[in-house]
Amino acid sequence: MPSRTMTKRELREQRRAERLAAEAAETARSTRHRRLVRLLAAVGVAALAVVIAAVLSSAGGKPAAPATPQPAVTSVLAGIPEHGGVLGSPNAPVTLTEYVDLQCPVCAEAARDTLPQLIRTQVRTGKVKLDARTLHFIGLDSQRAALVAAGAEQQGKLWPFLLAFYGAQGQENSGYVTDGFLRDVAQAAGVDADKALAYADTAAAQQRVNQADVDAQRLGVNATPTFTIAKGDGAARVLQKHDIGTLDRAIAQEAKA
Amino acid sequence: MRLASVAVALAGLGIAAYLTIAHYDGGTTVCAISHGCETVQHSTYAKLAGIPVALLGLLGYVGILVALARDDEPARTATAFLALLGFGFSAWLTYVEVAKLEAICIWCVGSAICMTLLAALSVARLLSAPPLGRPASG
């Protein structure tokens, strides 16, 4: 069927509709283009920001290299007896036990910031005796360090060994805990290094380290440093924090009990 | 899409708020034995330039929710930018958890999923919105 001839008005309207459709298509196209450009810019800026954040984050996570072991802080420990790894008078009524991993940087911090005051005010005065359990959850370096620490304990010098180790602590699991490093730490702590390293290879040293793990699991110790406190032969309870205020309050509480 | 984004952002806000509270109320710093949130929260990666990452996440979700309050072109672009930023940073943190800390924090994974969803939703919302000059349906 032949199509009807369009009137001038219909032609005008058709052209107008076509023009509007073209304009709408152009608007949509330019809007889409502009949005894509904005989106790409947003992706680029976000990616740059993430890279900067990652670099900052990585820099913050880079631990220091090990230092040369220095003689243990003798003024802190001088004159305080140590028997079987327990620092202080055997008659002290309260026992604080610190669970540590020698590679743990927070343990080193606590040794620097908390232990000197604790030892001066509580251990040296005969109120508290300080025990230690060396765990090795951070890695193989921790295990070797814990075994040699058992050798130092055999010589009645666990605490000087711990403090000397913390003073020289390096990057976790970087392999810095070599026998040479441990020998330097032992010597700085006044420990017979040959004997300590030889003892580290014995079943007794392994047993000591295993027992620390067993004790930690029994008490639910899941972080280091963690202190437990006990009066006399009573049951140990785990302290949730390790700042000097918490320790002093817990000791005072146990002493009253 | 906007409503779905608000819902996801609120879920992420809840997770980030929990992690921020846990960070500030988690006691003194420790080396954690158990792998998981404790390890991640106490790692050196838990802070960026001294600011807890959980707090940064919280601020990110607040920013996204503020941007979602409006439904115009700049707000849609801002939402997409913040969500992409959050997605990228979440991806980096997830890599750190798996490759460096060898510990997975389920709450952090939850937040990363929220950021991924928000990035997808906000990009789709930005690209699919009607051309300028016509009211947006969201």
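Since we're looking at a predicted model, the values are computed, not measured.

A. Focus on the pairing of strand β6 (residues 226-231) of chain A. All names here are of chain A. Summarising the sheet, strand β3 (residues 94-101) and β6 pair through six bridges and their orientation is antiparallel. Bridge pairing in β6 links T97 to T228. Once β6 ends, the chain turns through five residues before running back antiparallel as strand β7 (residues 237-238), passing G232 with a positive phi of about 55 degrees.

B. Highlighting the interface of chain A and chain B. Opposite the 32 residues of chain A that make contact, chain B presents 27 residues. Elements that contribute at least two residues to the side of chain A that touches chain B include exactly α1 (8-60), α3 (105-113) and β5 (223-224) of chain A. The leading source of residues in the side of chain A that touches chain B is α1 of chain A, at 18 residues. Classifying every residue of the side of chain A that touches chain B by side-chain character gives 18 nonpolar, nine polar and five charged. With two bridges connecting them, β5 of chain A and strand β1 (residues 31-32) of chain B associate as antiparallel partners. Its bridge partner being in β1 of chain B, A223 of chain A is matched across the sheet by A32 of chain B.

C. A look at helix α8 (residues 193-200) of chain A. Residue and element names in this part refer to chain A. Among the residues of α8, those classed as buried are A193, A196, Y199 and A200. Buried residues of α8, viewed axially, fall in a sector of 130 degrees; they line one side. Those residues of α8 hidden inside the fold are in contact with α5 (140-154), α7 (179-188) and α9 (203-219).

D. Highlighting the nonpolar core. Counting 62 residues, the largest nonpolar core has V148, A149, A152, F161, L162, V185 and A186 of chain A as the members making the most contacts within it. The biggest single contributor to this core is helix α6 (residues 158-168) of chain A, with eight residues. One finds L58, A80, F89 and C114 of chain B within the second-largest nonpolar core, a separate group that totals 41 residues.

E. The packing of α6 of chain A against α7 of chain A, seen in detail. Residues and elements named next belong to chain A. At a minimum axis distance of 8 Å, the contact between α6 and α7 shows a crossing angle of 125 degrees. As summarised for this structure, α6 and α7 are arranged oblique, according to the angle between their axes. Here α6 and α7 pass one another in a crossing that is right-handed. For the pair α6 and α7, the contacting residues are F161, A164, F165 and A168 in the first and V185, A186 and A188 in the second.

Basis of the calculations
- Residues numbered from 1 in each chain as written.
- Chains lettered and ligands numbered in written order.
- Predicted model: local features only at pLDDT ≥ 70, side-chain atom pairs only at ≥ 80, totals over all residues.
- Pairing = 2+ DSSP bridges.
- Helix = DSSP H or I, 4+ residues; strand = E, 2+ residues; numbered from the N terminus.
- Contact = placed C-beta atoms within 7 Å.
- Nonpolar A, V, L, I, M, F, W, Y, C, P; charged D, E, K, R; others polar.
- Buried ≥ 20, exposed ≤ 12 C-beta atoms within 10 Å, placed from the backbone.
- Arc of directions from axis to C-beta.
- Core = buried A, V, L, I, M, F, W, Y, C linked by C-beta atoms within 7 Å.
- Axes fitted to C-alpha atoms, helices over the stretch in contact; angles between N-to-C directions.
- Parallel < 35°, antiparallel > 145°, perpendicular 65-115°, else oblique.
- Left-handed = near helix turned anticlockwise from the far one by under 90°.

Structural measurements only, silent on function.
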